[in-house]
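Structural features, examined
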Amino acid sequence: MVRVVSHAKSLLLFVALLVSFTLCAQESMPGMAYISGGVYRPFYPPSEKEKEILILSFYLDRYPVTQREYLEFVKQKPAWRKDRISRLLSDKGYLKDWSSSLEFGPLKKPSEPVTQVSWFAAQEYCEWKGKRLPREEEWEFVAMATEVAPDGKADLAWRERVFKWYTEPNKPSGPGEVGKTPSNYWGVYDLHGLVWEWVLDFNNNLITSDTRGDGNGDKNRFCGAGSVAASEKEDYPTFMRIAFRSSLKANYTTGNLGFRCARSSLAESMGQGTQTRSAESRQRGEKK
Amino acid sequence: MILHKILFSFLVFFLLISPWARSAPPVPESSGATHEVLPPNEANVGESLYQMPLKFTDQSGQLVQLDVFRGYSVVVSMFYATCPYSCPILLDRLKRFEKSLGDKKEKVRFLLITFDWQNDTPEKLQQVFQKHGLDPARWKFVRGDEGQTREMAALLGINYRKTQDGGFNHSAIVTFLDKRGMIRSQYEVEKFSATEAVRDLEK
């Protein structure tokens, strides 16, 4: 069994490497950073076997989606105007900070990240762009990079800076514009310091296989026992993100929750769990 | 408690006198509605899940839409074929609930969506379906693709993740939809009681 697993692992690694090399030669995606993948060690491993998760190469938007970009989406897809959207897909807070259905208004800057959007809305936006939301592990993998290194866990000064943002209250003036602070190792901006971001699998927060296997469910992740099991005890920001995500429902909106999109690279289009939807919805996505 | 009993007997009474013609599905109010063509919120009936353009394949390999049981009270939940603990319990509870409905079961339908969209082929779903001796006229096991599965879970407020060993961690929630596809009530499987569910059905 163990041997099979390790074989599978090395095969996966081989495929990942192969794909990485192939992709190095490819042209880059406009507005997106190429993430060549690597090993992600979750702050709270969901199981014994998931202490190290292989991240395949993918693309991630360099910036969170801005007000201007989202306005364009709403203009093209009127069903997502705030006066038309169904309550099923978003709560009442949807774009409530906009001055009208087709204007974000004078209080917002065009290059501020859009907030007050639901998971459904974020998901639809990304599909419209021919992209998808990043998975939690992909997002976290890129977010652990400092300006100079892919893994900032040992960089205490950097961690201190990140931590500081998470302890600051939201500014009444809004989050500020994207791209005002240096990009990280991957060329990605604003993963910390601006807004929280939706991920594809925000609703993945459970512990053991099958809920009955573990009557405690979420409690294990958040009460005493859970935090002792965490692999990096000082990593409060990750902990806060997990807690925050687990408090969300797909139609929730808040003033400090935005999103950015990702795109799978070759490995995934070859069938490693692609994100596809019904024919209509894909057509709608292409109606650009 | 007594009040509950009185209310319950009233409900049962109304159920019994209600014209049986109602068990025939009414003409869909707006067939093929997607959220693309919905009128503004004020005029919108609101939260019908049937506005989602979700398509699945059922245990007999047929393509079905989420609103396949439009016009009925529908019990919706998620599961997967190789699930060791909670799914058999879920199915047992739902079967017991169906049994407790007696004649009224004609008005109720059961739709179960698999988490395991990669492995739960119609054949595999059919095996579990038959093992439990379910009536294909009233029950459907279906699977979508990754996006549809995730969206379905999001709509039902179900959390899940795939584990390394091929299983799924998931919350076990039973949702009751009314004839138009709006969520009427939700239960954790553990707390699901057939009596309460019956009470919910014909509000």
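Residue positions are given per chain, counting from 1 as you read along its sequence in written order. For naming, the first written chain is A and the first written ligand is 1, with later ones following in the order written. Where totals are concerned, whole chains, interfaces and linings use all residues; where local detail is concerned, this predicted model gives features only for residues with pLDDT of at least 70, and gives and counts side-chain atom pairs only at 80 or more.

**Describing the overall build of chain A**
Each helix is a run of DSSP H or I of at least 4 residues and each strand a run of E of at least 2, with the numbering of both proceeding from the N terminus. When helices and strands are counted, chain A shows 10 helices and 7 strands. Once C-beta atoms are placed from the backbone, each residue is buried if 20 or more other C-beta atoms lie within 10 Å of its own, exposed if 12 or fewer, and partly exposed for counts between those two. Taking all 288 residues of chain A together, 41% fall into the buried category. Contacts are defined on C-beta atoms placed from the backbone: any two residues whose C-beta positions lie within 7 Å are in contact. In chain A, of all internal contacts separated by at least 6 residues, the share reaching a separation of at least 24 is 76%.

**Considering the overall build of chain B**
Assigned secondary structure in chain B consists of 5 helices and 9 strands. Reading the secondary structure of chain B in the N-to-C direction produces α-β-β-β-α-β-α-β-α-β-β-β-β-α. Among the 203 residues that make up chain B, the fraction classed as buried is 42%. Within chain B, contacts between residues separated by at least 24 positions form 68% of all contacts whose residues are at least 6 apart in sequence.

**Points about unusual backbone geometry**
Residue and element names in this part refer to chain A. Phi angles above zero are rare outside glycine, and Leu95 is one such case at about 50°. For Leu95, the position within the fold is in the loop between α2 (67-76) and α3 (119-128). Unlike most non-glycine residues, Gln116 shows phi in positive territory, near 60°. Along the polypeptide, Gln116 turns up in the loop between α2 and α3. Residue classification places Gln116 among the buried residues on the basis of 22 C-beta atoms within 10 Å.

**Overview of the nonpolar core**
Here is a general trend for soluble globular proteins: nonpolar side chains tend to be buried in one another's company. Among the nonpolar cores identified, the biggest contains 102 residues, and A:Leu60, A:Ala122, A:Leu133, A:Val142 and B:Met78 are the most heavily contacted of them. When residues of this core are assigned to their parent elements, the largest contribution, 7 residues, is made by α3(A). Excluding its chain neighbours within four sequence positions, the residues that come into contact with A:Val142 are A:Ile35, A:Leu60, A:Trp186, A:Val188 and A:Leu191. Each nonpolar core consists of buried Ala, Val, Leu, Ile, Met, Phe, Trp, Tyr and Cys residues. Their C-beta atoms, within 7 Å, join them into a set.

**Quick word on the confidence of the model for chain B**
Reading fine detail from the predicted coordinates is not recommended where pLDDT is low. All names here are of chain B. Within chain B, residue pLDDT values average 79, and 75% of them lie at 70 or more. As a per-residue measure, pLDDT reflects the predictor's confidence and takes values from 0 up to 100. Averaged pLDDT values for the elements of chain B fall to 46 in helix α1 (residues 2-17) and rise to 98 in strand β5 (residues 139-143). Note on residues 10-45: pLDDT is under 50 here. Beyond four places in sequence and across chains, it has 36 contacts. This prediction of the complex comes with two scores: 0.78 for pTM and 0.76 for ipTM.

**Topic: the sheet that holds strand β4 (residues 58-61) of chain A**
Residue and element names in this part refer to chain A. With antiparallel pairing, the 3 strands of this open sheet are ordered in space as β1-β4-β7. The open sheet terminates on both sides in strands that have one partner only, identified here as β1 (32-35) and β7 (262-264). Sheet twist, expressed as the average angle between the axes of neighbouring strands with direction ignored, equals 25°. Strand pairing follows a simple DSSP-based rule, namely that at least 2 bridges must link the two strands. Here an axis means a line fitted to C-alpha atoms, over the contact stretch when the element is a helix, while the angle between two N-to-C directions is reported on a 0 to 180 degree scale.

**A few points about the sheet that holds β5(B)**
Residues and elements named next belong to chain B. In space, the 7 strands of this open sheet follow the order β2-β1-β5-β4-β3-β8-β9, with mixed pairing throughout. Every other strand in the sheet has two partners, leaving β2 (63-65) and β9 (183-188) as the edge strands with one partner each. Within the sheet, the average angular offset between the axes of one strand and its neighbour, ignoring direction, is 30°. Of the pairings in the sheet, the one linking strand β3 (residues 73-79) to strand β8 (residues 173-177) comprises 3 bridges and is antiparallel in character. Of the residues in β8, the one forming a bridge with Val75 is Phe176. Strand contacts of helix α2 (residues 86-100): β3 and β4 (108-114), with the helix running at about 165° to β3, the strand carrying the most contacts. Packing against the sheet, helix α4 (residues 146-156) makes contact with β1 (55-58), β3, β4 and β8, and its axis sits at approximately 120° to β3.

**Here's the deal with the environment of A:Gly105**
Topologically, A:Gly105 is positioned in the loop between α2 and α3. It is 16 Å that separates the C-alpha atoms of A:Gly105 and A:Pro172, two residues lying 67 residues apart in sequence.

**Digging into α2(A)**
Count 3.6 residues to each turn of an α-helix, and residues three or four apart come out pointing the same way. Residue and element names in this part refer to chain A. Among the residues of α2, those classed as buried are Gln67, Tyr70 and Val74. One side of α2 holds all its buried residues, which, seen down the axis, span an arc of 65°. Opposite the buried face of α2, at more than 90 degrees from it, the exposed residues are Lys75 and Gln76. Summarising the contacts, the buried residues of α2 are in contact with α3. To be clear, the arc concerns the directions from the helix axis to the C-beta atoms.

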